[in-house]
Amino acid sequence: MTASISCATHSFATNGFAWDRIPLLGLSVWLNLAAVLANWRVAANRRGLWLTGAWTVRHIPWNQLKTAQYTDDGSVKIRSQTAIPGT
């Protein structure tokens, strides 16, 4: 994402504004969306539950896990003994 913003900024600084450079601004949005949609995963092993997202990995030990519930909108709702950032 940083590379696409840097490329767009450099292009605007050297060549000025042109309508054909608008897709460069949207590139970072599409890359982030693709990463969010394609890179989430829930895995379990003997140490606990692992939640991986586009840019994060969270671990919940089994003794901290209260519930894991699949919701109607296609997401997974996790409850634990302690607060889990980002859920």
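Data block above holds the structure.
What counts and how
- Residues numbered from 1 in each chain as written.
- Predicted model: local features only at pLDDT ≥ 70, side-chain atom pairs only at ≥ 80, totals over all residues.
- Heavy atoms only, no water.
- Pairing = 2+ DSSP bridges.
- Helix = DSSP H or I, 4+ residues; strand = E, 2+ residues; numbered from the N terminus.
- Axes fitted to C-alpha atoms, helices over the stretch in contact; angles between N-to-C directions.
- Buried < 20%, exposed > 50% of the residue type's maximum accessible area, 1.4 Å probe, protein only.
- Contact = heavy atoms within 4.5 Å.

Enquirer: Quick rundown of the sheet that holds strand S2 (residues 48–52)? Include the residues and the values.
Expert: Taken in spatial order, the 3 strands make up an open sheet running S1-S2-S3, and their pairing is antiparallel. In the strand order of this sheet, the two ends are held by strand S1 (41–45) and strand S3 (57–61), each with one partner. Between one strand axis and the next, the sheet turns through 20° on average, direction left out of account. Both S1 and S2 contribute to a ladder of 5 bridges, which runs antiparallel. Each bridged residue has a counterpart across the sheet, and for Arg41 the counterpart in S2 is Thr52.

Enquirer: Which residues make up the environment of Val42, and what values go with them?
Expert: Mapped onto the elements, Val42 comes out in strand S1. A relative accessible area of 40% places Val42 in the partly exposed class. Remark: the alpha-carbon pair of Val42 and Val57, spanning 15 residues in sequence, is separated by 9.9 Å. Ignoring any residue separated from it by four or fewer positions in sequence, one finds Val42 in contact with Leu49, Trp50 and Leu51.

The values are spatial; any link to function lies outside them.
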